[in-house]
Amino acid sequence: MLIVTDVNGVLNNLMDVMLKEYNNKYNTNYSINSVTTYNLENCFEPDVAKCMKNIFCTSEIWNKVKSVNGAQDALQKLINEGHQVYLATDNDPNTYGAKVKWIKRFFPFVDASKIICIKDKWIIRADIMIEDNLQTLLAKPYYHRILMDHPWNQSDRDIVYDVYRCKNWSDILNVINKIVEMESDVK
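All of the points below concern the structure found in this document. Quick caveat: nothing in here was measured; it's all calculated off a predicted structure.

### What to know about the packing of helix α3 (residues 71-80) against helix α7 (residues 169-186)
Interaxial distance between α3 and α7 falls to 9 Å at its minimum, and their mutual angle equals 20°. What the angle tells us is that α3 and α7 run roughly parallel. You can see that α3 and α7 cross each other, and the crossing is right-handed. Two secondary-structure elements touch here, α3 through A71, A74, L75, K77 and L78 and α7 through W169, L173 and I176. The residue makeup of the contact of α3 with α7, split by class, is 7 nonpolar, no polar and 1 charged.

Shown next, in the form of structure tokens:
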């Protein structure tokens, strides 16, 4: 299967790091639960959102970002099973190089040709899309949709939208196995 996964919020803890950096710099105490929508402007005052976005746009942040638990083993397993795995990420042009270095450090088994910098991920044709932005998954229904659960993507309509909500990479692997079984039964 062709599997496309987002990077931020799916493979890494970028939001946690950004909030920690912002809190340290401005002596605040925002938590991950403060981020209630995908667009920071919708959950923070404009000046706060702007400062947070500026932190995202620094290459230095990538020295502090970590891989989420289980992501490395899960991607390696999917690749070893013969799936085509691509990483699709929206990124500030000034920090794309730092992000690719981060990917190569934490996911050295992912070929650089499988890293796609793209804002409108919904245009990608895939069998499975793994994302933390619910709106990206809802844009086009032509792939199986897996949503990494976060405070910013809550919805009570996942079943209506046919979205698999997962809390971690173990859940994601279980869903992918179910999808593979369903697809093989259809053939």
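From this point, the narrative continues.
### A closer look at the sheet that holds strand β5 (residues 144-148)
Pairing in this open sheet of 6 strands is parallel, and the strands run β3-β2-β1-β4-β5-β6 from one edge to the other. The sheet is open, and its two borders are formed by β3 (115-117) and β6 (163-166), each paired with just one other strand. Averaged over all neighbouring strand pairs, the angle between strand axes comes to 20°, with direction disregarded. Across 3 bridges, strand β2 (residues 84-89) lies against β3 in parallel orientation. Of the residues in β3, the one forming a bridge with A88 is I116.

Criteria and thresholds
- Residues numbered from 1 in each chain as written.
- Predicted model: local features only at pLDDT ≥ 70, side-chain atom pairs only at ≥ 80, totals over all residues.
- Heavy atoms only, no water.
- Axes fitted to C-alpha atoms, helices over the stretch in contact; angles between N-to-C directions.
- Helix = DSSP H or I, 4+ residues; strand = E, 2+ residues; numbered from the N terminus.
- Parallel < 35°, antiparallel > 145°, perpendicular 65-115°, else oblique.
- Left-handed = near helix turned anticlockwise from the far one by under 90°.
- Contact = heavy atoms within 4.5 Å.
- Nonpolar A, V, L, I, M, F, W, Y, C, P; charged D, E, K, R; others polar.
- Pairing = 2+ DSSP bridges.

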